[in-house]
Amino acid sequence: MRSVMQFVSGNIPVIASLIVICLFFSMIPLRPQLWLYPLVRQAVALKIDYQTKNMLAKETPHFVIRYTPADADVVDMVAAAAEAAYKPVTTALAYAPKGKSLVLIYPDRQAMKKAYGWEGGANAMGFYWGGVIQILSPKAWLENSQSLEQFIAVGPLTHEYTHLVLDCMTRGNYSRWFTEGLAQYVEYKANGYEWVTADNGLAGKVYSLKELEEDFDGLPNQALAYRQSLAAVRYIAAVHGDAKLAQVLSYLMSGQQVETAIEKSLDMDYATYETMAMLWAKGNMKQYSKIAN
Ligand SMILES: [Zn+2]
């Protein structure tokens, strides 16, 4: 993933302040990320807010949605889906961010790519970056016959909002696989949605957690990496209970690494957790062929 600093490079006073703060606190044996990270995220969010201030806007109780005239006829649907995501996500994570969250709608993939130099893969409907939910216009992928209910169920709002809330509550203290697993877990719980393909069955060869941790985006089978991430999070809640998943989150909030947070919450070493999670997933999660039939 690209550096946060690339995105704030235009804001020299903010950068200068952050460098001074970094230098100062790098001399103190404390985890500076926990309090420095929100400042960096806020700086990025402010920059995005400034860059998009001339777009059309729609406010809801918990979101501000910015869009171009091309999406004027779908903004109400996006607003409804964002509000529909609010309660399931904040309840599942037991945390609600302060203020309204910004959602940007890009009219097409080209616009999304132009803004961030990234189009999020061929099928991506959105992504979370810098405190802002960024989505592709539903017009670019949703079929005309599909309803608001279908957009809520298969659209990106619940998923991306989970990334946002986890990011706020833990101040950036999580691994990539964990946030992808949690986002899919909340989607699964709230909407019954699972990303199951012919290529991401868990019965065959799977990645190790180490591989997921070290190079999530570089793994050739992305569908499998995502599926395993869901399995690893869902195992915690399904077998050990939602309270244990909540405990993992609270350890992350206190600055523990994902590995330690899971070990302490489940009272289990990481290697055993990995083995047990995959064993459980093979026996309990849907396989592609069963869905197709
Ligand atoms: Zn995601």
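Everything that follows concerns the structure shown earlier in this document.
Residues numbered from 1 in each chain as written. Predicted model: local features only at pLDDT ≥ 70, side-chain atom pairs only at ≥ 80, totals over all residues.

A.B. asks: Could you give me a rundown of the nonpolar core, with the residues and numbers involved?
C.D. replies: Soluble globular proteins tend to bury their nonpolar side chains together. One finds Ile65, Val78, Ala82, Val103, Ile105, Ala231 and Val248 to be the most contacted residues of the largest nonpolar core, which totals 71 residues. Top element by residues in this core is helix H4 (residues 75-93). It accounts for ten residues. Split by domain, the residues of this core number at least three in each of domain 1 (40-168) and domain 2 (173-292). If we ignore the near neighbours within four places in the chain, the residues touching Ala82 are Thr60, Phe63, Ile65, Val103 and Leu157. (Core = buried A, V, L, I, M, F, W, Y, C linked by C-beta atoms within 7 Å. Buried ≥ 20, exposed ≤ 12 C-beta atoms within 10 Å, placed from the backbone. Helix = DSSP H or I, 4+ residues; strand = E, 2+ residues; numbered from the N terminus. Domains from an automatic or database assignment. Contact = placed C-beta atoms within 7 Å.)

A.B. asks: So what about helix H12 (residues 258-266)? Which residues, and what values?
C.D. replies: Buried within H12 are the following residues: Val258, Ala261, Ile262, Ser265 and Leu266. For H12, the angular spread of buried residues about the axis comes to 105°, placing them on one side. (Arc of directions from axis to C-beta.)

A.B. asks: Could you give me a rundown of the sheet that holds strand S1 (residues 56-59), with the residues and numbers involved?
C.D. replies: Spatially, the five strands line up as an open sheet ordered S1-S2-S3-S5-S4, and their pairing is mixed. The outermost strands of the open sheet, each flanked by one partner alone, are S1 and strand S4 (126-129). Direction aside, the axes of adjacent strands within the sheet are offset by 20° on average. Relative to strand S2 (residues 63-67), S1 is paired through four bridges, and the arrangement is antiparallel. Note that in S2 the partner of Ala57 across the bridge is Arg66. Lying on the sheet, helix H5 (residues 109-116) is in contact with strand S3 (101-106), S4 and strand S5 (132-136); it crosses S3 at an angle near 125°. Seen against the sheet, helix H7 (residues 157-170) touches S3, S4 and S5 and runs at an angle of roughly 10° to S4. (Pairing = 2+ DSSP bridges. Axes fitted to C-alpha atoms, helices over the stretch in contact; angles between N-to-C directions.)

A.B. asks: Explain the packing of helix H8 (residues 176-191) against helix H10 (residues 222-240) residue by residue, including any values.
C.D. replies: In the contact formed by H8 and H10, the axes pass within 7 Å of each other and the chain directions differ by 70°. Taken together, the axes of H8 and H10 are roughly perpendicular relative to one another. Handedness of the H8/H10 crossing: right-handed. For the pair H8 and H10, the contacting residues are Trp177, Phe178, Glu180, Gly181, Leu182, Gln184, Tyr185 and Tyr188 in the first and Tyr226, Ser229, Leu230, Ala232, Val233, Arg234 and Ala237 in the second. Classifying every residue of the contact of H8 with H10 by side-chain character gives ten nonpolar, three polar and two charged. (Parallel < 35°, antiparallel > 145°, perpendicular 65-115°, else oblique. Left-handed = near helix turned anticlockwise from the far one by under 90°. Nonpolar A, V, L, I, M, F, W, Y, C, P; charged D, E, K, R; others polar.)

A.B. asks: Report on the pairing of S5, specifying residues and quantitative values.
C.D. replies: Buried residues dominate S5, accounting for five of its five residues. Here S5 shows a buried face lined by Val132, Gln134 and Leu136 and a second buried face lined by Ile133 and Ile135. The pairing of S4 with S5 spans four bridges and is antiparallel. Note on S5: the bridge partner recorded for Gly126 is Ile135. Between the end of S4 and the start of S5, which pair antiparallel, lie two residues, with Gly130 showing a positive phi angle near 55°.

A.B. asks: Before we move on, can you summarise the pairing of S3 with the specific residues and values?
C.D. replies: Where burial is concerned, most of S3 is hidden: six out of the six residues are buried. Of the two faces of S3, the one holding Ser101, Val103 and Ile105 and the one holding Leu102, Leu104 and Tyr106 are both buried throughout. In the sheet, S2 pairs with S3 via four bridges, with the strands oriented parallel. Paired with Arg66 across the strands is Leu104, a residue of S3. Where the polypeptide runs from S2 across H4 and back to S3, its parallel neighbour, the crossover connection is left-handed. With five bridges joining them, S3 and S5 adopt parallel strand pairing. By the bridge assignment for S5, Leu102 is matched with Val132. (Right-handed = clockwise from strand over helix to strand, strands pointing away.)

A.B. asks: So what's going on with unusual backbone geometry? Which residues, and what values?
C.D. replies: Unlike most non-glycine residues, Ala94 shows phi in positive territory, near 50°. Here Ala94 is to be found in the loop between H4 and S3. For Ala94, a count of 12 C-beta atoms within 10 Å translates into the label exposed. You will see that Arg171, though not glycine, has its phi angle at about 50°, which is positive. By secondary structure assignment, the location of Arg171 is in the loop between H7 and H8. Under the C-beta neighbour-count criterion, Arg171 is labelled buried, with 20 such atoms within 10 Å.

A.B. asks: Can you explain H7? Please cite residues and give values.
C.D. replies: With 14 residues, H7 ought to run about 20 Å at 1.5 Å a step, and its terminal C-alpha atoms sit 20 Å apart, in line with that. Among the residues making up H7, those that are buried are Leu157, Thr158, His159, Glu160, Tyr161, Thr162, His163, Leu164, Val165, Leu166, Asp167 and Thr170. (Expected span 1.5 Å × (residues − 1).)

Everything listed here is a matter of coordinates, which is why it stays silent on function.
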